[in-house]
Amino acid sequence: MKPAAFAYERPATLAEALALKARHGDEARFIAGGQSLVPAMNFRMAQPGMLIDVGQVEGLDTIAYDTAGTLTIGARARYRAIERHPEIIARHPLIPEALHEVAHPQIRNRGTLAGNCCHADPASEMPMVMLTLGARFLATSAAGERLIEAADFFLGALTTALSPEEMLARIAIPPLPDRCGTAFLELSRRKGDYAMMGVAAVIALDADGRIAEARLGFCNAGITPRVAPAAAALLKTQAPEAAAFAEAASMAQTEIEPGGTLQASPDYQRHLAGVLARRALAIAASRASETLA
Ligand SMILES: Cc1cc2nc3c(=O)[nH]c(=O)nc-3n(C[C@H](O)[C@H](O)[C@H](O)COP(=O)(O)OP(=O)(O)OC[C@H]3O[C@@H](n4cnc5c(N)ncnc54)[C@H](O)[C@@H]3O)c2cc1C
């Protein structure tokens, strides 16, 4: 199908983009990579009267670390640039590891992290990774700016905390803890498909090699990206061993609410969550222990 007729604007400045959005509100949609919005328009599931292209807006292509180790990613930054960024590979390896599972290279050449988070598909990998990493989202509008914690940003399937006038301008990702390892695993029927279940694990060790901090995130495990705080709490102060990971993975299975997909029943998704969580925790711990050497 072809999309319904729409107007198209390509502002050069943020002020222009925000003024257009303030004027047209819900009737207008920002377009970034277009890899979710255009298919939705072609199926007439979305029929915006106006597209405001963020692709030329100056200052939104940032990918940079500040002196405190916080990574800032602007609304125009494409997956490909993020995935191949040497500093991100070294300092936040969970991001490229998960990005590698998002769609196909052609889509990653166009798609943006910000567009993906605004689309807020609970099956998407990166919203869950942002939640697991404790990211903060800078929403901006003609009326001003506000920071939204990842935990408050994803409100439901395809629903975020952004108001109709707001643009997601930047995402800020805090540094990982010291002596930390991360891992991302997912299972999909074919490479590039949305995952039936995806898991991110973060393990930080103390100087004695015991677990100082653990985090577990899941995609396709509810109507929003999910974390498993009770499972993470079980791991604190434990030795990083298989029995502890198995216990935490079982707990995590009770903390998620998978709704089933065309290919996987909720029970099967929950089973996958347990298996992948156990494996991801072991990989993250082994990577963390390499930092002790
Ligand atoms: C064949 C195929 C396979 C795919 N597989 C996967 C997959 O496995 N995993 C996955 O996660 N995704 C997958 N995707 C989706 C892909 O990741 C998209 O690129 C992503 O979801 C949206 O990013 P975008 O930059 O393309 O955003 P767009 O499509 O341009 O926009 C998406 C939504 O966000 C809004 N938006 C965009 N930027 C902003 C902003 N700065 N502020 C406010 N609102 C904004 C738009 O108005 C729209 O509602 C797939 C897509 C295709 C076509």
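That block above? That's the structure.
Residues numbered from 1 in each chain as written. Predicted model: local features only at pLDDT ≥ 70, side-chain atom pairs only at ≥ 80, totals over all residues. Heavy atoms only, no water.

Chemist: Would you take a moment to explain the site of the ligand for this structure?
Modeler: In the region of the ligand, 28 residues are neighbours, and Phe30, Ser36, Tyr79, Thr112 and Ser124 sit closest. Within the contact set of the ligand, an oxygen atom lies 2.6 Å away from a side-chain nitrogen or oxygen of tyrosine 79. Residue leucine 168 places a main-chain N or O atom 2.9 Å away from a nitrogen atom belonging to the ligand. Bound to the protein, the ligand loses 89% of the 970 Å² it would expose on its own. Of the pockets mapped on this structure, the ligand occupies the largest pocket. A class-by-class count of the residues in the shell around the ligand yields 14 nonpolar, eleven polar and three charged. (Near = heavy atom within 4 Å. Polar contact = N/O pair within 3.5 Å; in protein donor to acceptor, adjacent residues only side chain to side chain. Areas by Shrake-Rupley, 256 points an atom, 1.4 Å probe, with all protein chains shown as cover. 1 Å grid on protein atoms, 1.4 Å probe; cavity = no way out; pocket = protein on both sides within 12 Å on 5 of 7 lines; lining within 4 Å. Sits in = over half its atoms within 2 Å of the grid points. Nonpolar A, V, L, I, M, F, W, Y, C, P; charged D, E, K, R; others polar.)

Chemist: What's the story with helix α12 (residues 266-290) in this structure? I'm lost.
Modeler: Residue pairs spaced three or four apart in an α-helix point in one direction, given the helix's 3.6 residues per turn. For α12, spanning 25 residues, the distance from its first C-alpha to its last is 36 Å, which sits close to the expected 36 Å at 1.5 Å a residue. Among the residues making up α12, those that are buried are Gln269, Leu272, Ala273, Gly274, Val275, Leu276, Ala277, Ala280, Leu281, Ala284, Ala285 and Ala288. Summarising the contacts, the buried residues of α12 are in contact with β11 (180-187), β12 (197-205), β13 (211-219), α10 (229-235) and α11 (242-255). (Helix = DSSP H or I, 4+ residues; strand = E, 2+ residues; numbered from the N terminus. Expected span 1.5 Å × (residues − 1). Buried < 20%, exposed > 50% of the residue type's maximum accessible area, 1.4 Å probe, protein only. Contact = heavy atoms within 4.5 Å.)

Chemist: Got a minute to help me understand the nonpolar core in this structure?
Modeler: A general trend in soluble globular proteins is that nonpolar side chains are found buried together. Ranked by internal contacts, the top residues of the largest apolar core, which has 56 residues, are Ile95, Val129, Met130 and Phe137. For this core, the element with the most residues is helix α8 (residues 125-133), which contributes six residues. For methionine 130, the residues in contact, after removing those within four places along its chain, are Ile95, Leu113, Cys117, Ala135, Phe137, Ala150, Ile171 and Ile173. Ala183, Ile211, Ala232 and Leu235 belong to the second largest nonpolar core, which has 32 residues in total. (Core = buried A, V, L, I, M, F, W, Y, C linked by side-chain atoms within 4.5 Å.)

Chemist: Help me understand the pairing of β13 in this model?
Modeler: On any regular strand, side chains alternate: one points to one face of the sheet, the next to the other face. Extensive coverage of β13 is indicated by the burial of seven of its nine residues. Here β12 runs beside β13; their pairing, made up of eight bridges, is antiparallel. Within the sheet, the bridge partner assigned to alanine 204 lies in β13 and is glutamate 213. Hairpin connection, β12 to β13: the antiparallel pair is bridged by five residues, and glycine 209 has positive phi, about 90°. When β13 meets strand β14 (residues 226-227), the two strands line up antiparallel, connected through two bridges. Bridge pairing in β14 links phenylalanine 218 to arginine 226. (Pairing = 2+ DSSP bridges.)

Chemist: Please clarify how the layout of surface pockets should be interpreted in this entry.
Modeler: Using a probe with the size of a water molecule, rolled over the atoms, empty space left in the structure can be pinpointed. Approximately 1300 Å³ is the volume found for the largest pocket. Lining the largest pocket are 46 residues, with Arg29, Ser36, Gly115, Cys118 and His119 positioned closest to its centre. Looking at the lining of the largest pocket, the elements that each hand over two or more residues are β2 (28-31), α2 (37-42), α7 (113-119), β9 (159-160) and β10 (167-173). When residues in the lining of the largest pocket are grouped by element, the largest group, five residues, is from α7. Here the residues of the lining of the largest pocket sort into 24 nonpolar, 15 polar and seven charged. (Points joined across faces, edges and corners; volume = space filled by probe spheres on them.)

Chemist: Just to check I follow, could you spell out the sheet that holds β2 for this structure?
Modeler: Taken together, the three strands give an open sheet; going across it, the order is β1-β3-β2, and neighbouring strands pair in parallel fashion. Because the sheet does not close on itself, it has two edges, and the strands there are β1 (7-9) and β2. Within this sheet the neighbouring strands show an average axis-to-axis angle of 25°, counted without direction. (Axes fitted to C-alpha atoms, helices over the stretch in contact; angles between N-to-C directions.)

Chemist: Would you take a moment to explain the environment of alanine 232 for this structure?
Modeler: Within the secondary structure, alanine 232 sits in helix α10. Residues alanine 232 and glutamate 213, spaced 19 residues apart in sequence, show a C-alpha to C-alpha distance of 7.5 Å. Apart from the residues lying within four places of it in its own chain, the contact partners of alanine 232 are Ala214 and Arg215.

Chemist: It is not clear to me how the sheet that holds strand β4 (residues 63-65) should be interpreted in this structure. Could you clarify?
Modeler: Note on sheets: strands pair through backbone hydrogen bonds, and any given pair is parallel or antiparallel. The five strands are arranged β4-β5-β10-β6-β7 in an open sheet whose pairing can be described as antiparallel. Each end of this open sheet is capped by a strand with a single partner; those strands are β4 and β7 (144-149). Adjacent strand axes in the sheet meet at a mean angle of 20°, parallel and antiparallel pairs treated alike.

Chemist: In this structure, what is going on with the packing of α11 against α12? I would like to understand it.
Modeler: Geometrically, a packed helix pair is captured by the angle between its two axes and the distance between the axes. Interhelical geometry of α11 versus α12 gives an angle of 140° and a closest axis separation of 8 Å. In terms of their interaxial angle, α11 and α12 are classed as oblique. Of the two elements, α11 crosses α12, and the hand of that crossing is right-handed. Where α11 approaches α12, its residues Phe245, Ala246, Ala248, Ala249 and Gln253 are matched on the opposing element by Arg270, His271, Gly274, Ala277, Arg278, Leu281, Ala282 and Ala285. (Parallel < 35°, antiparallel > 145°, perpendicular 65-115°, else oblique. Left-handed = near helix turned anticlockwise from the far one by under 90°.)

Chemist: Is there a simple way to think about empty space enclosed by the protein in this case?
Modeler: This structure, assessed with the given rule, holds one cavity of 30 Å³ or more. Pro3, Ala4, Ala5, Phe6, Met41, Ala46, Gln47 and Pro48 together form the lining of the largest cavity. Looking at the lining of the largest cavity residue by residue, the class counts come to seven nonpolar, one polar and no charged.

Chemist: Explanation requested: the pairing of strand β3 (residues 50-53) in the structure shown.
Modeler: Alternating residues of β3 divide into Met50 and Ile52 and Leu51 and Asp53, and every residue in both groups is buried. By the bridge criterion, three bridges tie β1 to β3 in an arrangement that is parallel. By the bridge assignment, tyrosine 8 is partnered in β3 with leucine 51. Relative to β3, β2 runs parallel, the two sharing four bridges. Each residue of the ladder has a partner; that of isoleucine 31, found in β3, is aspartate 53. The parallel pair β2 and β3, bridged by α2, forms a crossover whose chirality is right-handed. (Right-handed = clockwise from strand over helix to strand, strands pointing away.)

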